[in-house]
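Structural characterization, general
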Amino acid sequence: MEGTGGAGYRGMSMNNAPNVFLDPNANRFQVNIINEDHDNTETAQEDVGSDPPHYEETSFTDETHNRLRISYRPGKRELYDNFRQNGEKTEASLHPYDTHSKMYYLQTFGHNTMDPVPKIDYYRNTGSVSGNKLNRPSLLEIHEQLAKVSEKERHNFSLFHFQTEEENKTGFVKFGWVKGVLVRCMLNIWGVMLFIRLSWIVGQAGIGLGVIIILLATMVTSITGLSTSAIATNGFVRGGGAYYLISRSLGPEFGGSIGLIFAFANAVAVAMYVVGFAETVVELLKESDTLMVDESNDIRIIGTITVVCLLGISVAGMEWEAKAQVILLIVLLVAIVNFFIGTVIPTNTEKKARGFFNYQASIFAENFGPDFRSGEGFFSVFAIFFPAATGILAGANISGDLKDPQSAIPQGTMLAILITTIAYIAVAISSCVVRDATGNVNDTIVPGMSCNGSSACGLGYDFSRCASQPCDYGLMNNFQVMSMVSGFGPLITAGIFSATLSSALASLVSAPKVFQALCKDNVYKGLEFFAKGYGKNNEPIRGYVLTFAIAMAFILIAELNTIAPIISNFFLASYALINFSCFHASYAKSPGWRPAFRYYNMWVSLFGALLCCGVMFVINWWAALITYAIELFLYIYVTYKKPEVNWGSSTQALYFVNALDSALALTTVEDHVKNFRPQCLALTGAPMVRPALLDITHAFTKNNGLCICCEVYTGPRKLCVKEMNSGMEKKQAWLTKNKRKAFYAAVAADSFRDGVKSLLQASGLGRMKPNTLVIGFKKDWRSAPATQVENYVGIIHDAFDFELGVIIIRISQGFDISQVLQVQGMCFPSIWLPKATYCLTYQTSFHIFFFLITESTINTIQSMHVGEFNQRLLEASTQFKKKQGKGTIDIWWLFDDGGLTILIPYILTIRKKWKNCKLRIFTGGKVNRIEEEKLVMASLLSKFRIKFADINIICDINIKPNKESWKFFEEMIEPYRLHESCKDMPTAEKLKRETPWKITDAELEAFKEKSYRQVRLNELLQEHSRAANLIVLSLPVARKGAVSDYLYMAWLEILSKNLPPVLMVRGNHKNVLTFYS
């Protein structure tokens, strides 16, 4: 730690460390602020209490602050109070988190360290509106030798708290849980249904079933409220309400689909509530005979004026809208209280004639049971009542405008549900009115008159004629029962106005807020225009205008009887998905699911989701089907578009859990030859550098087996790991973008061979482990250093040692197109260096070496046109992407390796690109048994159920090649021969020690027959398979320690030279084919 402060550090150690250990009051986690200034040693020895951290993004209740207790040394409380009151950063009151400021260091655990103390600012998202995100020191910075912090970094850290304070001073207008959630939810839940429909519901269903209907609706909303509370307290909640909660939990597919229809439903709901208000006004105008035009046009005129006024209140800002909501709530509460006061005020003759007799046990008993009429039933009455229970998301919809959404949403929503439910039940059981009444004051009972035995008879009135002819009064006939019962009728009218206007205002605010959040996430590409906000509260003015236009369109129609059920179903669909989100997040068991609200249960949430779906069909089955159809269409659209967002949804967590469970379940299943599939580890390097190698490998692994594209980084570990980690996601993303069903894996190693060894042993998971190594042929083996050739051949030996099959692929132009990518500007930034620099890059098939890049080299490459540079290389790199025409795949199955040599081409023929290619089989045999050998091979292939076009028995494999071919082979290996037989013994031994990789005369003689065979096979391949689309050939195996690397490379070279694409295949000599069922 000597680099941290020079003399200042030494002074710190002398003056402060002893105090820390000797002071009996020192806390184990004591934080000391140390001053470098030697003139202030007293201050340097003092320890300043820390400012309590702000937890505005995670706190659930005020108890959070109570749990954060701070211990003080004697005399230090005053410093803390001074800091809190003044907010000034002095030497006596410095914020303890200024760990990188110019004069101070943080001392924890009695010594200097770069390790920061836990702090919320390290966990913020970039661009957080509630505070700046800080970057903690990386593990590399703590693990490696300490470097001096730059002046720029110190300046940035010292400005952090000043910026945060400025943000707080000019912050947004935020609402608490009462004004922001409770008031809005109560106003939205209490609608016109309370005043003009609840009495009819009690008349139809009776008090008993009426209360059950209310409780059933409350069950749906309560479960949804609990689920909403759980999701809202699982991290910081931004604006967007139901859309934000669902999208962050279930992902953009569900969130995007429900967000759009939820915003639209709120926009149309504005029209519904405004038309309800306008109809009430028109009824009053009709009674006084003051209609302006006619009923329909008056509704349009009044509705238009009303929605314009509401728009003005909304655009004026959330403060004005909140004030208007409070006033409307007061009017609504007065209207409800007015009703209950009216029930105890002694009735009069006129009201008795209309069926109101105050509280009477006989009326309660008569009204307790159901009396369904006009084809109504329990579920039809429930469907009419349920919209009165909706509106519980009114507070959540403005989550971005709440001070603490995590505490406000649960408290306000659940309390609103409780209060409104009590009010509904209280009104329902306050049964003071009979079901039928004539309204005629003369319908009293006189002595001697027989009566039908109803409660009205016992109270002196005869309403029996209502059974045979329509009556205008009573619970079943008069929607204005509450106005009649209330102490002052006009207050009920005011309550209706308040309920409709408040609901309209809440919907008018909710729709743009939800729509703006949806547009900001760019889930739908064409809607970015509406994401822009204005003013300090980021008001969605454009969204308000759009909502206004939608509402106006439906107001002008003035017929909402058809669209109303769909809107109710839209809301219910949102509730169902919120409940399912809570269940899904719990079921996925992600460690990130840690809601502060504990009063929920995953199975209750699932039940709530199913209940919402059931209620949708109860209310209106065809509207439910339309809702599901729209949601499904939007879900498919968003899934197809695949927005580039990652919200850590529970869907992602469940993918992981399911994959893990499946992988674990697979480990209990023993391998069987019928289920064998090639699982390939392909040494492609960066996938985009060798696309053809990936394409041919992908052709026989897609939807069939595992494919891992591997890359090995060699060199200084720090640079390699940094480069590897930075490119990991990009290269996997490239595979996904190019629809390659493969994984990308990379390792950093001391040598290329060591890296491949690690990959061969550790790649895969459980049963999903590679069983086949796929590599490209090393074209430059004759010019490459001996160590590279040794590594290349060593990799093949290692694969056989680990019992993997090996596939070596050769194409005429080679696989590496990195030079072309350099010209196109697609290579990695690290390759383009402004000065002469050594950097790591792939230039051979599978080896990394140092390549000197200079400015002149880059300029030369850049000046060349891609076509001039190597057009044939580009064409070769895409040859396996194209559909192969009619042709053949020639299989030279010379050695039985378990069947991999025949299985790979068979898999290719069932692929779309290769299906027009026929299989031709070539194998060795005796001249005098050609037909028998054909029959044997045909029988074997038919048992394997592999179709073939032809079988050729090659009888002259073991004859000597012609002189020209052998001469070419000898000239090829000449530079690598030792020629020890021409030298004396000491010289020969010395050469063997100095160049152990060279081919000795003894080795060449020992394997002369095998060399003949490789040369002869090339002649036969040229003769029979020159026109094939692909050649699949048994790979010769070199005995480890007996065949030198260069002789083996010469075999592979001569075997595959001047041919179409060649796959040299060697299985691990375990069966991969079977003819048993």
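The rules behind the values
Residues numbered from 1 in each chain as written. Predicted model: local features only at pLDDT ≥ 70, side-chain atom pairs only at ≥ 80, totals over all residues. Heavy atoms only, no water. UniProt positions renumbered as here; feature names shortened; annotations may be inferred. Helix = DSSP H or I, 4+ residues; strand = E, 2+ residues; numbered from the N terminus. Buried < 20%, exposed > 50% of the residue type's maximum accessible area, 1.4 Å probe, protein only. Contact = heavy atoms within 4.5 Å. Lys, Arg positive; Asp, Glu negative; His and termini not counted. Salt bridge = Lys/Arg side-chain N within 4 Å of Asp/Glu carboxyl O. Polar contact = N/O pair within 3.5 Å; in protein donor to acceptor, adjacent residues only side chain to side chain. Disulfide = S-S within 2.5 Å. Phe/Tyr/Trp six-rings, centres within 6.5 Å; stacked < 30°, edge-to-face > 60°. Lys NZ or Arg CZ within 6 Å of the ring centre and 35° of its normal. Patch = residues over 30% accessible without salt bridge, like charges linked within 9 Å, V, L, I, M, F, W, Y side chains within 5 Å. Areas by Shrake-Rupley, 256 points an atom, 1.4 Å probe, with all protein chains shown as cover. Expected span 1.5 Å × (residues − 1). Pairing = 2+ DSSP bridges. Axes fitted to C-alpha atoms, helices over the stretch in contact; angles between N-to-C directions. Core = buried A, V, L, I, M, F, W, Y, C linked by side-chain atoms within 4.5 Å.

The protein has the name Solute carrier family 12 member 1 in an unreviewed UniProt entry, where Zonotrichia albicollis is given as its organism. Taken verbatim from the UniProt record of the protein, the Subcellular location (unreviewed entry) comment is "Cell membrane". Reading the Catalytic activity (unreviewed entry) entry of the UniProt record for the protein gives the comment "K(+)(out) + 2 chloride(out) + Na(+)(out) = K(+)(in) + 2 chloride(in) + Na(+)(in)".

1. Brief notes about the overall build of the protein
Within the protein, the secondary structure is distributed over 40 helices and 15 strands. When each of the 1077 residues of the protein is scored for burial, the buried share is 51%. Residue pairs in contact within the protein that sit at least 24 positions apart in sequence constitute 79% of those at least 6 positions apart.

2. Focus: the side chain of Glu980
Assignment of secondary structure puts Glu980 in the loop between helix H36 (963-973) and helix H37 (985-994). Of the buried charged residues, Glu980 lacks a salt bridge, with Lys992 as the closest side chain of opposite charge at 5.0 Å. Among the polar contacts listed, one links the side chain of Glu980 to the backbone nitrogen of Ala1002, at a separation of 3.4 Å. In contact with Glu980, not counting residues within four places along its chain, are Ala988, Lys992, Thr1000, Asp1001 and Ala1002.

3. Remarks on the side chain of Asn569
In this fold, Asn569 is placed in helix H23 (residues 563-588). When its relative accessible area of 0% is taken as the criterion, Asn569 is described as buried. Excluding anything up to four places from it in sequence, Asn569 contacts Met616, Ile619, Asn620, Ala623, Ala624 and Thr627.

4. A closer look at the state of the cysteines
Under the criterion given, the structure shown has 1 disulfide. In this model, Cys466 is linked to Cys471 through a disulfide, with the two sulfur atoms separated by 1.9 Å. Between Cys466 and Cys471, the disulfide has an S-S torsion of -105 degrees and is therefore left-handed. Accessibility assignment for this pair places Cys466 and Cys471 in one class, buried.

5. Points about the packing of aromatic side chains
All chains considered together, the criterion is met by 32 aromatic pairs. Between the aromatic rings of Phe1075 and Tyr1076, the centroid separation amounts to 4.7 Å while the plane-to-plane angle is 35 degrees, which identifies the pairing as tilted. Given a relative accessible area of 39%, Phe1075 falls into the partly exposed group. Above the face of the Phe529 ring, Arg542 is positioned so that its terminal group lies 4.0 Å from the ring centre.

6. Considering the pattern of salt bridges
Counted under the stated rule, the structure contains 22 salt bridges. With a shortest N-O distance of 2.8 Å, Asp798 and Arg753 are connected by a salt bridge. In this pair, Asp798 is assigned in helix H30 (residues 786-801) and Arg753 in helix H29 (residues 752-762), connecting sequence segments 45 residues apart. Its relative accessible area of 21% is what places Arg753 among the partly exposed residues. In this structure, Asp801 engages Lys1040 in a salt bridge whose closest nitrogen and oxygen atoms are separated by 2.8 Å. Residue Asp801 is found in helix H30, and its partner Lys1040 is found in the loop between strand E14 (1030-1034) and helix H40 (1045-1055); the two are separated by 239 residues along the sequence. Salt bridges linked by common partners bring Arg782, Arg810, Glu1053 and Lys1057 together as one network.

7. What to know about a nonpolar patch on the surface
On the surface, Phe617, Trp621, Trp622, Leu625, Ile626 and Ile630 cluster together into a nonpolar patch covering about 550 Å² of accessible area. Looking at the nonpolar patch, the element that brings in the most residues is helix H25 (residues 621-641), giving 5 residues. Structurally, Trp622 can be placed in helix H25. The partly exposed category is assigned to Trp622, whose relative accessible area is 31%.

8. Quick look at H30
If you check H30, its first and last C-alpha atoms are 22 Å apart, about what 16 residues at 1.5 Å a residue would give, namely 22 Å. Residues of H30 that are buried: Gln788, Val789, Asn791, Tyr792, Val793, Gly794, Ile795, Ile796, His797, Asp798 and Ala799. Within two residues after H30, Glu803 carries a phi angle of roughly 60 degrees, on the positive side.

9. Re the sheet that holds strand E6 (residues 743-749)
The 10 strands are arranged E6-E5-E4-E7-E8-E15-E14-E11-E12-E13 in an open sheet whose pairing can be described as mixed. In this open sheet, the two edge strands, each paired with only one partner strand, are E6 and strand E13 (950-954). Averaged over all pairs of adjacent strands, the angle between their axes in this sheet comes to 20 degrees, without regard to strand direction. Alignment of strand E4 (residues 680-682) against strand E5 (residues 707-714), held across 3 bridges, turns out to be parallel. Following the sheet pairing, Leu681 is matched in E5 by Ile708. Those strands touched by helix H28 (residues 717-737) are E5 and E6, and its axis lies near 170 degrees from that of E6. With respect to the sheet, helix H39 (residues 1008-1024) is in contact with strand E11 (887-892), strand E12 (917-924), E13 and E14, its orientation differing from that of E11 by roughly 160 degrees.

10. So, the nonpolar core
Trp190, Phe195, Phe385, Tyr424 and Leu572 are the most contacted members of the largest nonpolar core, which has 136 residues in total. Beyond its immediate stretch of four places on either side in the chain, Trp190 contacts Leu329, Leu332, Leu333, Ile336, Ile419, Thr420, Ala423, Tyr424, Ala499 and Ser503. With 61 residues, the next largest nonpolar core counts Ile795, Ile808, Ile973 and Leu1059 among its residues.

11. Some points on the environment of Tyr637
Relative to the helices and strands, Tyr637 is located in helix H25. Under the relative-accessibility criterion, Tyr637 is labelled partly exposed at 31%. With 381 residues separating them in the primary sequence, Tyr637 and Gly256 have C-alpha atoms 9.5 Å apart.

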